[in-house]
Amino acid sequence: MTSLPRLVVLISGNGSNLQAILDACKSDELPASVISVISNKADAHGLTRAQNAGVEAIHFAKLENESRRDYDARLANYITAKQPNYIILAGWMRLLTSAFLEHFPNRVINLHPALPNTFPGTHAIERAFAAHQLGEINHTGIMVHLVPDEGVDNGPVLATELVPIHPTDTLESLEARIHETEHRILVQTIKDLLTDKIRCRP
Ligand code: GRF
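Counting of residues starts from 1 at the beginning of each chain's written sequence and follows it residue by residue. For a predicted model such as this one, the threshold for reporting local features is a pLDDT of at least 70, and the threshold for listing and counting side-chain atom pairs is 80 or more; totals across whole chains, interfaces and linings nevertheless cover every residue. For the side-chain quantities, the full set of heavy atoms in the structure was used; hydrogens and water were omitted.

J.: So what about the sheet that holds strand E1 (residues 6-11)? Which residues, and what values?
T.: Strand pairing follows a simple DSSP-based rule, namely that at least 2 bridges must link the two strands. Put simply, DSSP H or I for four residues or longer makes a helix, DSSP E for two residues or longer makes a strand, and each gets a number counted from the N terminus. The strand order across the open sheet built from seven strands is E3-E2-E1-E4-E5-E6-E7, with neighbouring strands paired in mixed fashion. The sheet terminates laterally at strand E3 (57-59) and strand E7 (157-164), the two strands that pair on one side only. In this sheet, neighbouring strand axes are inclined to one another by 20 degrees on average, regardless of whether the strands run parallel or antiparallel. As paired elements, E1 and strand E2 (residues 33-39) share six bridges and run parallel to each other. Considered in E2, the bridge of Leu7 is made with Val34. Contacts are assigned to residue pairs with any non-hydrogen atoms lying within 4.5 Å of each other. Note on method: axes are straight lines fitted to C-alpha atoms, helices fitted across the in-contact stretch only, with angles between N-to-C directions ranging 0 to 180 degrees. Relative to E3, helix H2 (residues 45-52) is tilted by about 155 degrees, and along the sheet it contacts E1, E2 and E3. The sheet strands contacting helix H3 (residues 68-80) are E1, E2, E3 and strand E4 (86-89), and the helix crosses E2 at an angle near 160 degrees.

Shown next, in the form of structure tokens:
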């Protein structure tokens, strides 16, 4: 068993943020080890990224007739056995209930492609871009936060970074700037937690 801090990463799709974490672990920028990557979607590209990095890649499928809470409790059991220091939601597109969260106080970290209290839920970047086109905003941002409860993209903030929206931006160029920012800030925030620069435990 590795003595490095242990990360479990939950994904649902592309996994570019997972890739940033894997790369940072490999280069020793991040003093941690990804011990499992779990997706609720079978075809999530992030599972391939995990396999390519030699990391356990699990499609954790919902069983027929399984309730949300039962799924979450089963997922929590699986992850508890991995003894993670932190669980990173990196594009995990499924709301977690207390049946999961109560097992991991102060240890579930979410990434949201908008600033605190803005554009919660899905399509945050598209909605920020639309607001910009209406002249309502000239910046958006990203945040990394703890997930204490079932609130959507809400919880104690660990890090934020403002991302400007330029007049010449397309949705694609804004998405690229936001993702680049996410990759950098997510890795930095995990590092800050692991090195006690940010403390989130009482
Ligand atoms: C990111 O924008 C993240 O903030 C949001 O979902 C996206 C996941 O992207 N929750 P990826 O799968 O890491 O490429």
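J.: Could you give me a rundown of the packing of aromatic side chains, with the residues and numbers involved?
T.: Any two rings among Phe, Tyr and Trp, with Trp reduced to its six-membered ring, count as a pair given centres within 6.5 Å; such a pair is stacked if its planes are under 30 degrees apart, edge-to-face if over 60, and tilted if neither. This model, assessed by the stated rule, comprises three aromatic pairs. Pairing Phe60 with Tyr71 gives two aromatic rings, centres 5.5 Å apart and planes at 80 degrees, and the pair type is edge-to-face. In this pair, Phe60 is assigned in the loop between E3 and H3 and Tyr71 in helix H3, connecting sequence segments eleven residues apart. Side by side, Phe60 and Tyr71 carry an identical accessibility label, which is buried. Taking 5.0 Å as the distance between ring centres and 50 degrees as the angle between the ring planes, the aromatic pair formed by Phe100 and Phe104 counts as tilted. The two residues Phe100 and Phe104 agree in class, both being buried. A network of ring pairs unites the aromatic residues Phe60, Tyr71 and Tyr78 as a single cluster. To sort residues, take the accessible area from a 1.4 Å probe on protein chains only and compare it with the maximum for the residue type: under 20% means buried, over 50% means exposed, and anything in between is partly exposed.

J.: Give a detailed account of the packing of helix H5 (residues 124-133) against helix H6 (residues 171-194), specifying residues and quantitative values.
T.: Two elements in contact, H5 and H6, have axes separated by 10 Å at closest approach and are oriented at 125 degrees. Regarding the angle of H5 to H6, the classification is oblique. Crossing of H5 against H6: the hand is right-handed. Here Ile125, Glu126 and Phe129 of H5 come into contact with H6, specifically with Leu171, Leu174, Glu175, Ile178 and His179. Along the lines of polarity and charge, the residues of the contact of H5 with H6 split into five nonpolar, one polar and two charged. Oblique is the label for any angle not covered by the other classes, which are roughly parallel (under 35 degrees), roughly antiparallel (over 145) and roughly perpendicular (65 to 115). Put simply, a crossing is left-handed when the front helix is turned counterclockwise from the back one by less than a right angle, and right-handed when it is turned clockwise. Residues are grouped as follows: nonpolar covers Ala, Val, Leu, Ile, Met, Phe, Trp, Tyr, Cys and Pro; charged covers Asp, Glu, Lys and Arg; every other residue, Gly included, is treated as polar.

J.: How would you sum up the site of the ligand? Please name residues and give values.
T.: Taken together, Asn14, Gly15, Ser16, Asn17, Gly91, Leu111, His112, Pro113, His179 and Glu182 make up all the residues around the ligand. Counting of polar contacts relies on pairs of N or O atoms within 3.5 Å, with two restrictions inside protein: one atom must be capable of donating a hydrogen and the other of accepting it, and residues adjacent in sequence are counted only when both atoms are side-chain atoms. Within the contact set of the ligand, a nitrogen atom lies 3.4 Å away from a backbone nitrogen or oxygen of Leu111. Within the contact set of the ligand, an oxygen atom lies 2.3 Å away from a side-chain nitrogen or oxygen of Glu182. Only protein atoms enter the 1 Å grid used here. Points where a 1.4 Å probe fits but cannot escape make up a cavity, open sets with protein on both sides within 12 Å along at least five of seven lines make up a pocket, and a residue lines them when an atom lies within 4 Å of a point. What decides whether a molecule sits in a cavity or pocket is whether more than half of its atoms lie within 2 Å of the grid points. Cavity membership is defined here by more than half of the atoms lying within 2 Å of grid points; on that basis the ligand lies in the largest pocket. Within the shell around the ligand, the residues separate by chemical class into two nonpolar, seven polar and one charged. Note on terminology: near, applied to a residue and a molecule or strand, indicates that one of the residue's heavy atoms is within 4 Å of it.

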